[in-house]
Amino acid sequence: MAHAPMFARAIGPTVRLAMYGLACLALMVVDSRYGALNAVRSSVAALVHPVQAALARPFDLLGDAAEFFSQHAELVREKRRMAAEGERLAALLQDRQELEAENTRLRALLDLPPTAGTVAVAARITRILPDPFARRLVIDRGSADGIEPGRPVVDAAGLLGQVTAVYPDSSVVTLLTSSEQAAPVLNLRNGLRLIVSGTGADSLLEVRYLDMHADLKADDVLVTSGLDGVYPPGLQVARVLSVEPPRQTPFARAICQPAAEIGQHRHVLVLKAKKEEPTP
Amino acid sequence: MTANRPLVPQGPQLVAPPSRRLVYGSLALAWLATLLPWPGGMLWLVPDFTLVILCYWLIHAPHAAGQGLALVLGLLADAALGGLIGQQGLAYSVTAFLVVQLRRRLENFEVSGRALQLLPIFLGQQALVLLIGLAFDLPDADWRHLAAGLVAALCWLPLAHLFDRLTGWSNEMFIEPAAR
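Examining the overall build of chain B
- For chain B, the helix and strand inventory stands at eight helices and zero strands.
- Going from the N terminus to the C terminus, chain B shows its helices and strands as α-α-α-α-α-α-α-α.
- The buried share among the 180 residues of chain B stands at 43%.
- Taking all contacts inside chain B whose residues are at least 6 apart in sequence as the whole, residues at least 24 apart take part in 69%.

Have a look at this one:
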């Protein structure tokens, strides 16, 4: 009985609302205070994410088809640009290999332990969660591919965010631009260590509580410092747009632009910990 | 518009109320529509199709859709979102309660009249979800999502026309002209 019955044999709508409302409140309290429903959430996600991926499939194919019919001239231009880019990267990589070798030698000389490396796993974005409270994406790699919660996620240009939930065949990435996310960084120009946080806006990051005499200027580039043990050092995070002098507070504030091209790519890289080779 | 209105439902409405298959099938399709990969820039505009269609069936098929179904669908929406479990559940329950209370009144309006009356309910549902999030200390409530309530009321227009056509529903009643 959905409407108010003429003779009360069923539970009335008001009592029903009270019962369901209390049940939902209890669920929310149990979920947010004790995290007791994480198992339920992950098993439901394991069911829902394949459905999502299947639904996203035709749209991906549509996008691919649109690319297929794109202009020939544009493709030729793109190919030339890619070739040039490839040569440039190859040259940089040679340099890098030499530097890496030198670094290892020097580390061995100083008796420092080798740095932990990372392996990149490519993943496809299957869905952007319509959540008014955090900026989150679903990607199509999960614990079956060795993804763990807390691993950094990057795109071609810089740090994108962090894996926050892992399911068997999918995981959820929370973007650095969510306002509760932060990353330890250093200023590439002078090594100044800072913490960059999200603002909740798609294309802005900020440095809160910045010392008013700190040497930070517009156009400074911020890279991860690796001090938190979550993000490996050296990933590009942001470029400083402006530094606001303190107003009514003892701290200044810097507005930055994220290096990652958020919302422009369909693929991301998850940085996995490199497996230690067992020494015979 | 004719002023002639029958006092009891006539035609297909009386003979064949909307079948459960239609009710649950359309709700399942709507739930799948919310899972589609909507472009990231306009997510705050995407209405909750499940809620719109649920409201339609709460008004027009009370034998198949009630507050219990609303609770179940709300919890399903929570599960699909991966957020706080019970958040959408509570919002759906409150919405269903309001719609059930207003059912008799809503029945007598045109599609557009019903949309106008449902608009504050849809807006209230979005506001309730955001307020629950704030109460439970979720970061960063994005108030632009209120606009989805407005879009939901706009979506009501084509969807209600479609389902009115499918179920043969009409709010035009027939009164014997003898009174004149």
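Read on, since the account is not over.
Some details on the sheet that holds strand β5 (residues 171-175) of chain A
All names here are of chain A.
- In spatial order, the strands read β1-β2-β5-β4-β3-β12; together these six strands close into a barrel with antiparallel pairing. The average undirected angle you get between the axes of adjacent strands in this sheet is 45 degrees.
- Here strand β3 (residues 152-154) runs beside strand β4 (residues 159-166); their pairing, made up of three bridges, is antiparallel. Note on β4: the bridge partner recorded for P152 is Q162.
- Across the sheet, helix α2 (residues 38-68) is in contact with β1 (118-128) and β2 (136-139); its angle to β1 comes to roughly 75 degrees.

Description of the interface of chain A and chain B
- Taken residue by residue, the interface counts 40 residues in chain A and 40 residues in chain B.
- Contributing elements (two or more residues each) for the side of chain A that touches chain B: α1 (13-34), α2 and β1 of chain A.
- In terms of residue count, α1 of chain A provides more of the side of chain A that touches chain B than any other element does, eleven residues in total.
- Looking at side-chain class alone, the side of chain A that touches chain B contains 25 nonpolar, nine polar and six charged residues.

With respect to the pairing of β5 of chain A
All names here are of chain A.
- The element β5 is extensively covered by neighbouring structure, given that five of its five residues are classed as buried.
- Every second residue of β5 is oriented toward a common face, with S171, V173 and L175 on one face and V172 and T174 on the other, all of them buried.
- As judged from the four bridges shared by β2 and β5, these two strands associate in the antiparallel manner. Counterpart to V138 in the pairing with β5 is V172.
- Judged from the five bridges that link them, β4 and β5 form a sheet pairing that is antiparallel. Directly across from V163, in β5, lies its bridge partner V173.

Focus: the sheet that holds strand β8 (residues 205-211) of chain A
Residue and element names in this part refer to chain A.
- Ordered by their spatial adjacency, six strands build a closed barrel running β6-β7-β8-β11-β10-β9, and the pairing between neighbours is antiparallel. With strand direction ignored, the average angle separating the axes of adjacent strands in the sheet is 40 degrees.
- Pairing analysis gives five bridges linking β8 to strand β11 (residues 251-258), with the strands arranged antiparallel. For V207, the partnering residue across the bridge sits in β11 and is A254.

Focus: the nonpolar core
- If you look at the biggest cluster of nonpolar residues, it comprises 96 residues, and the most contacted ones within it are L159, V196 and V237 of chain A together with V52 and L54 of chain B.
- Looking at this core, the element that brings in the most residues is helix α3 (residues 49-60) of chain B, giving ten residues.
- Apart from the residues lying within four places of it in its own chain, the contact partners of V52 of chain B are P47, A152, C155, W156 and L159 of chain B.

So, the environment of L160 of chain A
Residues and elements named next belong to chain A.
- Note that L160 resides in strand β4.
- Once the C-alpha coordinates of L160 and Q71 are considered, the two residues, 89 residues apart in sequence, prove to be 31 Å apart.
- When neighbours within four sequence positions are excluded, L160 is seen to be in contact with V153, V154, D155, L175, L176, A260, I262 and V268.

Here's the deal with the confidence of the model for chain B
- Per-chain confidence: chain B averages 83 in pLDDT, with 86% of residues scoring 70 or above.
- Confidence, expressed as mean pLDDT per element, reaches its minimum in chain B at helix α1 (residues 12-15) of chain B with 58 and its maximum at helix α5 (residues 87-101) of chain B with 94.

Side note on the packing of α3 of chain B against α5 of chain B
Residues and elements named next belong to chain B.
- Taken N-terminus to C-terminus, the directions of α3 and α5 make an angle of 35 degrees; their axes are 9 Å apart at the nearest point. In this structure, α3 crosses over α5, and the sense of that crossing is right-handed. Every residue of α5 that contacts α3 at L51, C55, L58 and I59 is listed here: Y92, T95, A96, V99 and V100.
- When the residues that make up the contact of α3 with α5 are grouped by side-chain class, the tally is eight nonpolar, one polar and no charged.

Notes on α3 of chain B
Residue and element names in this part refer to chain B.
- The first and last C-alpha atoms of α3 sit 17 Å apart over twelve residues, in line with the 16 Å expected at 1.5 Å per residue.
- Counting buried positions along α3 gives twelve out of twelve residues, so the element sits mostly inside the fold.
- For α3, the set of buried residues is F49, T50, L51, V52, I53, L54, C55, Y56, W57, L58, I59 and H60.
- Where α3 is buried, its residues contact α2 (20-35), α4 (67-81), α5, α6 (103-107), α7 (111-135) and α8 (147-167).

Cut-off values and rules
- Residues numbered from 1 in each chain as written.
- Chains lettered and ligands numbered in written order.
- Predicted model: local features only at pLDDT ≥ 70, side-chain atom pairs only at ≥ 80, totals over all residues.
- Helix = DSSP H or I, 4+ residues; strand = E, 2+ residues; numbered from the N terminus.
- Buried ≥ 20, exposed ≤ 12 C-beta atoms within 10 Å, placed from the backbone.
- Contact = placed C-beta atoms within 7 Å.
- Pairing = 2+ DSSP bridges.
- Axes fitted to C-alpha atoms, helices over the stretch in contact; angles between N-to-C directions.
- Nonpolar A, V, L, I, M, F, W, Y, C, P; charged D, E, K, R; others polar.
- Core = buried A, V, L, I, M, F, W, Y, C linked by C-beta atoms within 7 Å.
- pLDDT = per-residue confidence, 0-100.
- Left-handed = near helix turned anticlockwise from the far one by under 90°.
- Expected span 1.5 Å × (residues − 1).

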